[in-house]
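# Summary of the model geometry
Single-letter residue listing:
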Amino acid sequence: MSRAAFATIHLASLRHNLQRVRELGGGAKVMAVVKADGYGHGLERVARALASADAFGVAAIADGLRLRAAGFRQRIVVLSGPDEAADLAELRRLDLDAVIHHDSQVAWLEADRDPRPIRAWLKIESGMHRLGFAPARAAEMYARLRALASIRSDITLMTHFAASDEFDKQLTAAQIAVFDAAVSDLPGEHSLANSAAVLGWPAARGQWLRTGGLLYGLSVVDGKTGEDFGFQPAMTLSSKLIAVNDVRKGEHIGYAATWQCPEDMRIGVAAIGYGDGYPRSAASGTPVLVNGQRAAIVGRVSMDLITIDLRNVPNAQVGDEVVLWGRDLPVEEIATHAGTISYDLTCGMTKRVLFVEDDSAV
Ligand SMILES: *Cc1c(COP(=O)(O)O)cnc(C)c1O
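Here the structure is a predicted model, which is why all the values come from computation and not from measurement.

Rules behind the numbers
The numbering scheme is per chain: residues are counted from 1 as the chain's sequence reads. Predicted model: local features are reported for residues with pLDDT of at least 70 only, side-chain atom pairs are reported and counted for 80 or more only, and whole-chain, interface and lining totals are derived from all residues. Here the side-chain values reflect all heavy atoms present in the structure, with hydrogen atoms and water set aside. Secondary structure counts use DSSP, requiring at least four H or I residues in a row for a helix and at least two E residues in a row for a strand, with both numbered from the N terminus. Should any heavy atoms of two residues lie within 4.5 Å, those residues are considered in contact. For the purposes of these results, a polar contact is taken to be a pair of N or O atoms within 3.5 Å, where, inside protein, one atom must be able to donate a hydrogen and its partner to accept one; residues adjacent in sequence count only when each atom of the pair is a side-chain atom. Any residue with an atom within 4 Å of a point lines the site, the site being either a cavity, points on a 1 Å grid over the protein atoms alone where a 1.4 Å probe fits but cannot get out, or a pocket, an open set with protein on both sides within 12 Å along at least 5 of 7 lines. Grid points are joined across faces, edges and corners, and a volume is the space filled by probe spheres set on the points. For this scheme, ten residues count as nonpolar: Ala, Val, Leu, Ile, Met, Phe, Trp, Tyr, Cys and Pro. Four count as charged, namely Asp, Glu, Lys and Arg, and the remainder, Gly too, count as polar. Note that the domain bounds reflect an automated or database-derived domain assignment. Should a side-chain nitrogen of Lys or Arg be within 4 Å of a carboxyl oxygen of Asp or Glu, the pair is scored as a salt bridge. Burial status follows relative accessibility: with a 1.4 Å probe on protein chains alone, a residue under 20% of its type maximum counts as buried, one over 50% as exposed, and anything between as partly exposed.

### Concerning the environment of Asp37
Its place among the elements puts Asp37 in helix α2 (residues 35-39). In this structure, the C-alpha to C-alpha distance between Asp37 and Glu227, residues 190 residues apart in sequence, is 23 Å. Each residue touching Asp37, except ones within four places of it in the same chain, is listed here: Gly42, Leu43 and Arg66. A distance of 2.9 Å separates the side chain of Asp37 from the side chain of Arg66, its partner in a polar contact.

In structure tokens, the structure reads:
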């Protein structure tokens, strides 16, 4: 096998993480958010491991279609609802719940003559200004949906947080207050919390948690890893050394010669690069594990290869395993070095990476 980049998906950790969300959720139902191919872990694979979730959340009807085609009968919520009038027929055919957040969607529903009702989640904007109806319109929009034969009566009320990962930020407290006031007179279950809110904002539990990141063991809380909150990484990305070279003091490593050897030393070359989804922005100093030992990337990440300072790993040789992130190297740490968040990294794996499943417990 010529390429050796593997994403190992830890199924037991996915199950553990769902259990941990339930522990923190105090009895709330859990929507397992599996958009973007299960945050890059593989949609059907993740759904199988998380089959005991109370619902799945997807961003696209096409993902709902994939889950139905794979035999999943759970509730599936399309988090941005129909994008055009023709989507209503697809939502019905696939029995998908629709988030309703915009007047254009209500117009399609009001013009729709198909009597088979769709299950709706009414999204209220509470301070993020992305999707949702203004809070002052919550009662009006609820009444308009209730008046439609094409909408089921059990409408769920939801909102989404802009900064719930900042536990001391007043924006989230304000969003909770805006949402609560907007829906206080309306019947229906409530859904506010994403992963960070499950950790930091117990007042936002409602009846439905909508968790993605935590199920994959990922944290977006600054300076914290998923493991700090009792979660386990669900992906280990690994490759191997395909060259080990002696390089003299003063020589430069890689494209643009950005790193200079401070002494005579060994440089390892691993078969992974931005063509696999490893971030090109990972700077010199980004950690990797070579045979389980910490070492650091030096020089630019290239399309197919990275170069590694092997001074910490004197016995390293061609064929040795290189872990880029995962069980023993938090992806959050790599994200910090690359100037992004953990979600961005796991979502970025390309088709060249081989996915394998592992069911071992930690
Ligand atoms: C992606 C998404 C979530 C899940 O967010 P996490 O931070 O991964 O838990 C929840 N709700 C909505 C509307 C989303 O788009």
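### Looking at empty space enclosed by the protein
In total, this model carries two cavities of 30 Å³ or more according to the counting rule given. Considering only enclosed or pocket space, the largest cavity measures out at about 90 Å³ in volume. Along its surface, the largest cavity is lined by 16 residues, and Leu218, Pro233, Met235, Gly326 and Val331 are the ones closest to its centre. Its residues assigned to classes, the lining of the largest cavity comprises nine nonpolar, five polar and two charged. A domain split of the lining of the largest cavity shows at least three residues from each of domain 1 (11-218) and domain 2 (235-358). Of the volumes computed, that of the second largest cavity is approximately 50 Å³. Classifying every residue of the lining of the second largest cavity gives three nonpolar, three polar and three charged.

### Description of the pattern of salt bridges
Throughout the structure, instances matching the rule amount to 28 salt bridges. For Glu44, the salt bridge is made with Arg66, and the minimal N-O distance between the two is 2.9 Å. Of this pair, Glu44 sits in helix α3 (residues 43-49) while Arg66 sits in helix α4 (residues 61-69), and the two are 22 residues apart along the sequence. The class of Glu44 is partly exposed, set by a relative accessible area of 24%. Classification of Arg66 by relative accessible area gives partly exposed; the value is 33%. In this structure, Lys169 and Glu166 form a salt bridge, with 3.6 Å as the shortest nitrogen-oxygen distance. A relative accessible area of 34% means that Glu166 is categorised as partly exposed.

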